[in-house]
Amino acid sequence: MTKAKPHVVVTRKLPDPVETRMRELFRADLNLEDRPLSQAELVEALRTADVLVPTVTDRLDAAALSQSGPNLKLIANFGNGIDNIDIGAAYERGITVTNTPNVLTGDTADMTMALMLAVPRRLAEGAQILPNGLSWPGWSPTWMLGHRIWGKRLGIVGMGRIGTAVARRAQAFGLSIHYHNRRPVDPKTEEELEATYWDSLDQMLARMDIISVNCPHTPATFHLLSRRRLKLMRPDAYLVNTARGEVIDEAALIECLETNSLAGAGLDVFEGEPAIDPKLIKLAQEGKAVLLPHMGSATIEGRIEMGEKVIINIRTWMDGHKPPDRVLPLSV
């Protein structure tokens, strides 16, 4: 007797190869229009699905999960970050949660490095000159001067997989590696990167030329870079964030940029995205910030690998085994 295919609801459009494979393996409802589901539609999916495949933009809090149907047993998140899901509430309802780790590390680290170059070297400003028909007087010894990054100190906030990948890339660009983490990395990695560990985030922030935020968003890291901590940074320092917008007090960051308390910022993530504070747009127009629309993990290869991990997690669950990328509450 053929085992019944689980009813899988996918909340956003995924790469075609991933969707095709899902239709082959599961009774999959796809979102071909790539239209974000309303909260009511998301709750309806929770009520009817055996497996939900959400993305980082779907908010599955305790209130939403309390309305899940009896058949929902797996939430296979299409994404590494799981701050969009109340893991504790899902666990209490007997719902397994998985994510897609180790896929986007290199892509996000590449984008972090790109922003690290773009802001001091004024790449975004320069890229607008010729396409927009702006006046270009030709090469000049003093025109469009930025700052080199070779020989500068980089402070990494969060030395996990992505932070370590950023450090390896930055080392090749001649940056001195410093980092703040809950605990030091293993001695072999620290020696390889010639990295300096700071147990005090405050102390590190005050001494760095560039700060890169690479920690996850959790209740403990919400506004980790607060107004007070941003004020500790040097006025000639740059801030890059490819993690989550909520890790930085965005209003305080805007104030620092407006008052020249910081030299510039490169941001791929924002508080309240996709809404962007108009003040940030103005700062970008003035050359004080480079803003990207959450592109850190946006590669075709990465998205397909994410989909393959989702499928593996679902199939493993179907076979009655523990999915390889299961996420548990911190209290378990």
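Basis of the calculations
In this convention, every chain numbers its residues from 1, walking through the sequence in written order. This being a predicted model, a pLDDT of at least 70 is required before a residue's local features are given, and a value of 80 or more before pairs of side-chain atoms are given or counted; all residues contribute to the totals for chains, interfaces and linings. Side-chain calculation: all heavy atoms of the structure are included, whereas hydrogens and water are not. UniProt positions are given in the numbering used here, feature names are shortened, and annotations may be inferred rather than shown by experiment. Helix and strand definitions here come from DSSP, where helices need a minimum of 4 consecutive H or I residues and strands a minimum of 2 consecutive E residues; each element is numbered from the N-terminal end. Paired strands, in this sense, are two strands between which DSSP finds at least two bridges. To get an axis, fit a line to the C-alpha atoms, keeping to the stretch in contact for a helix; angles then go from 0 to 180 degrees between the N-to-C directions. When checking whether two residues touch, look at their non-hydrogen atoms; a contact exists if any pair is within 4.5 Å. By this rule, a helix spans an expected 1.5 Å times one less than how many residues it contains. Categorising residues by exposure relies on relative accessible area from a 1.4 Å probe, with only protein chains included: less than 20% of the type maximum marks a residue as buried, more than 50% marks it as exposed, and the intermediate range marks it as partly exposed. Stacked, edge-to-face and tilted labels apply to pairs of Phe, Tyr and Trp rings (six-membered ring for Trp) whose centres lie within 6.5 Å, assigned for plane angles under 30 degrees, over 60, and everything in between, in that order. Note on terminology: a nonpolar core comprises buried Ala, Val, Leu, Ile, Met, Phe, Trp, Tyr and Cys residues joined through side-chain atoms within 4.5 Å. Think of a polar contact as two N or O atoms within 3.5 Å of one another; within protein, one of them needs to be a possible hydrogen donor and the other a possible acceptor, and neighboring residues in sequence only count if both atoms come from side chains.

What follows concerns the UniProt feature "domain: D-isomer specific 2-hydroxyacid dehydrogenase catalytic" (unreviewed entry) in the chain. UniProt tags residues 17-327 as "domain: D-isomer specific 2-hydroxyacid dehydrogenase catalytic" (unreviewed entry). The span residues 17-327 is 37% helix and 13% strand, and its two end C-alpha atoms sit 26 Å from each other.

What follows covers the sheet that holds strand S4 (residues 74-76). A sheet is described by the order of its strands in space; here five strands give the open sequence S2-S1-S3-S4-S5, paired in parallel fashion. For this open sheet the edge positions go to strand S2 (27-29) and strand S5 (96-98), each flanked by a neighbour on one side alone. Along the sheet, successive strands turn relative to each other by an average axial angle of 15 degrees, direction set aside. Sheet topology places S4 next to S5; three bridges connect them, and they run parallel. When the sheet's bridge partners are listed, Ala76 is paired in S5 with Thr98. Set on the sheet, helix H13 (residues 300-318) makes contact with strand S1 (7-10), strand S3 (51-53), S4 and S5; between it and S4 the angle comes to about 165 degrees.

Helical geometry note: an α-helix holds 3.6 residues per turn, so side chains three or four residues apart project in the same direction. With 19 residues, H13 extends 27 Å from end C-alpha to end C-alpha; this agrees with the ideal 27 Å at 1.5 Å per step. Of all the positions in H13, only Gly302, Met306, Gly307, Val310, Ile311, Asn313, Ile314, Thr316 and Met318 are classed as buried. Contacts made by the buried residues of H13 are with S1, helix H1 (16-25), S3, S4, S5 and helix H5 (105-118). Downstream of H13 by a residue or two, Gly320 has a phi angle that is positive, lying close to 85 degrees.

The UniProt record annotates "domain: D-isomer specific 2-hydroxyacid dehydrogenase NAD-binding" (unreviewed entry) at residues 113-296. Its end C-alpha atoms 10 Å apart, residues 113-296 is made of 33% helix and 15% strand.

Taken as a whole and judged by the stated rule, the model has one aromatic pair. On the basis of an interplanar angle of 45 degrees and a centroid distance of 5.2 Å, the ring pair of Tyr179 and Tyr197 is categorised as tilted. Of the two residues, Tyr179 is situated in strand S7 (residues 176-180) and Tyr197 in strand S8 (residues 196-197); the sequence distance between them amounts to 18 residues. The buried category is assigned to Tyr179, whose relative accessible area is 0%.

This paragraph deals with the nonpolar core. Of all hydrophobic cores here, the largest spans 29 residues; its most connected members are Ile211, Val213, Leu225, Leu230, Met233, Leu239 and Leu253. Of all the secondary-structure elements, those providing two or more residues to this core are helix H9 (201-205), strand S9 (210-213), helix H11 (250-258), strand S11 (264-267) and helix H12 (278-285). Top contributing element to this core by residue count: H11, with five residues. If you look at the next biggest cluster of nonpolar residues, it comprises 27 residues, including Ala109, Met111, Leu154 and Ile156.

Before going further, it helps to spend a moment on the side chain of His178. Mapped onto the secondary structure, His178 falls in strand S7. Given a relative accessible area of 7%, His178 falls into the buried group. Within the structure, His178 has its side chain in polar contact with the side chain of Ser176 (distance 3.3 Å). Apart from residues lying up to four places away in sequence, His178 is in contact with Arg153, Leu154, Gly155, Ile156, Thr196, Trp198, Met204 and Met208.

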